[in-house]
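# Descriptive structure summary
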Amino acid sequence: MTGTAVEVGDDELLLAVARGDQAAFAALYDSVGPLVHGVVRRVVRDPAQSEEVTQEVMVEVWRTAVRFDPDRGSARTWILTMAHRRAIDRVRSEQASRNRAQRVADQQHARDFDEVSERVELDFEHEQVRTALSTLTELQRQAVELAYYQGFTYREVAELLGTPLGTIKTRMRDGLIRLRDALGVTG
Amino acid sequence: MTERPDLHTLTGAFAVDALPEDEQERFEDHLAVCDACEQEVRELQATAARLGATSVAAPPPSLRGRVLAEIDGVRQERPAPIVVPDELAARRTAPRWVAATLGVAAAMLLLSVGGLVVVVTSLQEQVAGLEVAAGAAEQANADLASVSARLAELEQQASEATLVTTSALTDVLAAPDAITVSVTHDDVLGRVVASPTRGEAVFIAEGWDPAPHEHTYELWLITPDGAVPAGLFDPDERGRATRVMTGDMARATAVGITIEPEGGSPVPSDEPMMVLQLG
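All of the points below concern the structure found in this document. All values reported here derive from a predicted model rather than from experimental measurement.

Analysis parameters
- Residues numbered from 1 in each chain as written.
- Chains lettered and ligands numbered in written order.
- Predicted model: local features only at pLDDT ≥ 70, side-chain atom pairs only at ≥ 80, totals over all residues.
- Helix = DSSP H or I, 4+ residues; strand = E, 2+ residues; numbered from the N terminus.
- Buried ≥ 20, exposed ≤ 12 C-beta atoms within 10 Å, placed from the backbone.
- Pairing = 2+ DSSP bridges.
- Axes fitted to C-alpha atoms, helices over the stretch in contact; angles between N-to-C directions.

### Quick look at the overall build of chain B
Helix and strand counts for chain B come out as nine helices and eight strands. A buried classification covers 32% of the 279 residues belonging to chain B.

### Let's talk about unusual backbone geometry
Even without being glycine, A:Arg45 reaches a positive phi, approximately 75 degrees. Tracing the backbone shows A:Arg45 in the loop between α2 (22-44) and α3 (47-64). Assessed through the 15 C-beta atoms surrounding it within 10 Å, A:Arg45 is described here as partly exposed. Although it is not a glycine, B:Glu214 adopts a positive phi angle of roughly 60 degrees. Tracing the sequence through the fold places B:Glu214 in the loop between β3 (200-206) and β4 (215-223).

### A few points about the sheet that holds β4(B)
Residue and element names in this part refer to chain B. The four strands lie next to each other as β5-β4-β7-β8, forming an open sheet whose pairing is antiparallel. The strands lining the two open edges of the sheet, one partner per strand, are β5 (226-233) and β8 (274-277). If you compare each strand with its neighbour and ignore which way they point, the axes differ by 30 degrees on average. As paired strands, β4 and β5 are joined by seven bridges and run antiparallel to one another. Bridge pairing links Glu218 to Leu232 in β5.

### Here we look at the sheet that holds strand β6 (residues 241-244) of chain B
Residue and element names in this part refer to chain B. In spatial order, the strands read β1-β2-β3-β6; together these four strands make up an open sheet with antiparallel pairing. The sheet terminates laterally at β1 (179-185) and β6, the two strands that pair on one side only. With direction set aside, neighbouring strand axes in the sheet form an average angle of 10 degrees. In this structure, β3 lies alongside β6, joined through four bridges in antiparallel fashion. What sits directly across from Ile204, in β6, is Thr242.

Shown next, in the form of structure tokens:
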């Protein structure tokens with residue numbers, strides 16, 4: 001699986017891309033493309049729209065590669081952060097034209113379904129993350145997953161879970177902090 | 001941030017993109033001045049990326065060719081300019097998009113050095129700057145004999161360049177309302193000396209690379225109605241240029257610089273690589 005390429009390699013590729021190296025970009029596409037598309041598919045759902053967003057993200061990687069600073073995080077984090085933001089933007093602009101409240105109500109109904117069943121999994125990565133997620137309280141896990149995988153704002157998450165805004169904000173934060181520590185993420 | 005203690009708790013929601021747009025912008029402003037939050041956000045974004053990495057989906061094979069074809073026609077961003085306004089400009093609030101283009105480090109730099117930047121208006125200071133350049137040339141040259149010859153040559157060039165610059169500046173500088181705005185990034189300096197009442201301005205470039213083949217740098221007056229061409233410039237072999245700008249400075253709120261095909265363009269063809277806010 002090309003998506004498992006070591007991060008050092010991706011960092012070096014992205015630095016080369018920042019210098020205008022198109023061959024490095026092609027290699028980076030092969031390395032992180034499946035990860036980018038995975039995040040985008042997960043959030044956007046619609047295959048055609050996901051394809052558009054993945055394309056946008058990869059072109060954005062090319063265009064703004066000079067902003068990447070390896071001292072501030074890995075290339076993979078940089079790219080997946082961008083992919084998630086783009087996917088969220090697409091979902092929110094899409095929803096602006098729909099009845100948002102209705103969708104939230106539908107989601108209320110559907111939220112008990114386990115998201116895990118929809119995942120295409122990277123076994124090792126997923127096992128680690130699943131173990132880490134299991135250390136979270138139920139509210140922490142729901143808050144983080146509804147926001148990250150479904151693209152809800154924290155206000156919507158609070159509404160969905162019938163929990164005060166302040167509580168949701170702090171659960172997202174302490175949930176992620178617990179995940180960070182369980183995964184040994186150093187930033 | 002004692003007046004907004006709750007801002008610190010938004011790191012998690014920010015890292016998973018769960019803030020509505022207005023709150024996201026406010027939090028980004030906060031991040032620029034709060035090291036603790038900035039560090040935490042970086043770690044939590046890396047954590048969120050791990051959540052993302054559990055989903056892998058091969059993009060359709062046709063996408064690869066489309067992406068590679070598209071980037072072939074997409075110009076890459078250059079390093080974002082670090083905006084260092086002089087004291088006059090520093091008193092005014094930079095517009096939101098300018099703040100947004102600054103990295104956190106740049107914003108911190110702005111805070112720490114903004115008050116120290118001195119408007120260069122005197123011949124003495126320009127000469128001092130050129131002596132620094134001559135010093136750098138000296139370091140670069142291992143041959144001591146040629147260093148002294150080169151230094152003499154540089155000093156000659158320096159005094160000539162200073163005279164040209166100074167005469168071009170005299171009229172504008174003499175105006176009682178003359179303002180100077182400088183932007184530097186990696187030793188690339190752009191400076192505008194402008195007199196709003198006279199409607200005139202001079203642009204000075206130092207440390208600029210040549211424009212790409214068959215391209216030129218173009219100056220723009222940013223007005224409420226859009227960007228107006230204000231002249232072209234091409235740095236000399238020492239990276240310097242002085243250009244009396246065309247157009248009515250009275251309506252300009254900023255000066256922008258883009259790279260354009262030879263001969264210039266009627267409208268900018270890309271985002272400016274440098275912007276000098278006139279306030």
